[in-house]
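Observations on chain architecture
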Amino acid sequence: MEHMSQTIEFLKPRSSVLDNRAKIIADLTDLLPPECLIHETRELVPFETDAFVSYRRLPLAVALPQTTAQVSALLKYCHRYGIPVVPRGAGTSLSGGAIPQEDALVIGLSKMNRIIEMDLFNRTATVQAGVTNLSISEVASPEGFFYAPDPSSQLACTIGGNIGMNSGGAHCLKYGVTTNNLLGVKMVLVDGTVLELGGKHLDASGYDLLGLVCGSEGQLGIVTEATVRLLAKPEGARPVLFGFETSDEAGACVADIIGSGIIPVAIEFMDKPAIEICEAFAKAGYPLDVGALLIVEVEGSENEMDAMLADIVAIARQHGVKTVRECQSAMEAAAIWKGRKSAFGATGRIADYICMDGTVPLSQLSHVLQQTGEIVASLGLRVANVFHAGDGNMHPLILFNANDPDEAARAEEAGNRILRLCVDAGGCLTGEHGVGIEKRDLMRHQYSDADLDQQMAVRSAFDEDWILNPSKVFPLDGRPA
């Protein structure tokens, strides 16, 4: 399936690149070891899309460098000959951030997967960009530390991709997203220049270029190494399940928890369809007689957790909570989180889906949930809602049949309407998945022409010819000619 609908376009491939493909492949062969270059059609297929599988393009070739020097050589060559470049981590992007074009070289960082240093005295880890998110905590855990950001795809997604999209996760309510835990990067600019920003120190002088790079979706350069913050593991952690009759009650409870000044480590939301999907897969013990479920996790000493949970339970009772179930063991806690972390995969077992990630003020949760249901139903589709409720990061999963073009087009239309709804409610288009291709043509709904001009001016300052990750983030009619 080439298109889910005809609404998303790609920049026209550069004929100068396609006509010289054989020479380009020969030149790349000189820059990389044989095992680091893929150019046969059959072998390119796994790289034609990412987790936004409704769109796909076979790239010109795929380079899998092992060092920063090799990345530099590749970018220098592509810059010289005007060859578009698409950076790629693990390909878990849900917004089409790593989908290539036919004239683009994909630079995948999967071979750059070494943990360079664990500096426990300074509480930092320095890693190559292809290291998976979860592996940092796995290495740091025996020493009593962890890396806080925890996307649901943390088993597979890479630090480079997390930096590109400023990824979050369930525990971002307390610990923040990637930008709050990133101290420094080594990155390669479009002309091959290697640049180091930040380091092990907590703040750097001058302009906040590190903040600019985090969330730039591979359009300012390619990050090859990162220094991230390690945190001491809490004394204890305890997730609790709260079941409510309706999503409205659950949403109002979330707003009151945060409004009271209590900051749990996580507040996750599931509506009834999501509960049923996740329970069927994970057997986590979720209650099936409720309309909405909250997973609220607190951490600290036993006394701290008891006190915090007492206050949270009191708030939940004010909103008619039906079920309160506190986990009694590490195994039960793991099961609760397995259900939540498996939500996307479990949904994929029963239907194709599009996952949005618009973010809204907490006071608008109930309104947006209700409107989301009405939008999807009006288009004859189903939706399962599972999301980071504590920071209002919505994740409606719009279910559809990808083999039915009409149904697929309706699913995309539902997603577009939901994202506009989030912006109109005072929120934004993306909380952690990025803009990519998915939300590119909605950018004008959130930003004025002046806003976009400023953003594109910054992008042009780093990449004048716009060869880094083309067709992403900005509407195609807004880029320089």
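Structure: above.
Note that the structure is predicted; figures quoted are calculated from it, not measured.

So, the sheet that holds strand 3 (residues 85–88)
One open sheet accounts for 4 strands, arranged 1-2-4-3; its pairing is mixed. Strands at the two margins of the open sheet, each flanked by one partner only, are strand 1 (37–38) and strand 3. Two elements, strand 3 and strand 4 (residues 105–108), share 4 bridges in a ladder whose sense is parallel. Its bridge partner lying in strand 4, Arg88 is registered against Gly108. Helix 4 (residues 68–81) rests against strand 2 (61–63), strand 3 and strand 4 of the sheet, and its axis sits at about 165° to strand 4.

Some details on the pattern of salt bridges
This structure, assessed with the given rule, holds 24 salt bridges. Shared partners join several salt bridges into a network, and the residues in it are Arg238, Glu302, Asp306 and Glu326.

Details of the pairing of strand 13 (residues 266–271)
Burial within strand 13 is extensive, with 6 of its 6 residues counted as buried. Covered by surrounding structure in strand 13 are Ala266, Glu268 and Met270 together with Ile267, Phe269 and Asp271, the residues of both alternating faces. One ladder, built from 6 bridges, connects strand 13 with strand 14 (residues 292–299); its direction is antiparallel. Its bridge partner lying in strand 14, Glu268 is registered against Ile295. Strand direction decides the pairing type here: strand 13 and strand 17 (residues 382–388), joined by 3 bridges, are antiparallel. If you follow Phe269 over to strand 17, its bridge partner there is Phe387.

Quick look at a nonpolar patch on the surface
A cluster of nonpolar side chains, Tyr207, Leu209, Leu212 and Val458, forms an exposed patch at the surface whose accessible area comes to about 400 Å². One can find Leu209 in helix 8 (residues 209–213). Classification of Leu209 by relative accessible area gives partly exposed; the value is 35%.

Brief notes about the side chain of Thr126
Among the secondary structure elements, Thr126 is positioned in strand 6 (residues 124–128). When near neighbours in sequence (up to four residues on either side) are disregarded, Thr126 contacts Ile115, Ile116, Glu117, Glu225, Ala226 and Thr227.

Rules and cut-offs
Counting restarts for each chain, with residues numbered from 1 along the sequence as it is written. Residues qualify for local features only when their pLDDT is at least 70, as the model is predicted, and side-chain atom pairs are given and counted only at 80 or more; totals for whole chains, interfaces and linings, by contrast, use all residues. Excluded from the side-chain calculation are hydrogens and water; included are all heavy atoms of the structure. Being paired, for any two strands, means DSSP has found at least two bridges between them. Strands here mean DSSP runs of E at least two residues long; helices mean DSSP runs of H or I at least four residues long; both are numbered from the N terminus. Contacts are assigned to residue pairs with any non-hydrogen atoms lying within 4.5 Å of each other. Note on definitions: angles span 0 to 180 degrees between N-to-C directions of axes, and those axes are lines fitted to C-alpha atoms, for helices only across the stretch in contact. Here a salt bridge means any side-chain nitrogen of Lys or Arg lying within 4 Å of a carboxyl oxygen belonging to Asp or Glu. Only protein chains enter the accessibility calculation, which uses a 1.4 Å probe. A residue is then buried if its area is under 20% of the maximum for its type, exposed if over 50%, and partly exposed in between. Any residue with relative accessible area above 30% and no salt bridge may belong to a patch, with like charges joined within 9 Å and the nonpolar Val, Leu, Ile, Met, Phe, Trp and Tyr side chains within 5 Å. Values of accessible area rely on a 1.4 Å probe in the Shrake-Rupley scheme; residue burial ignores everything except the protein chains shown.

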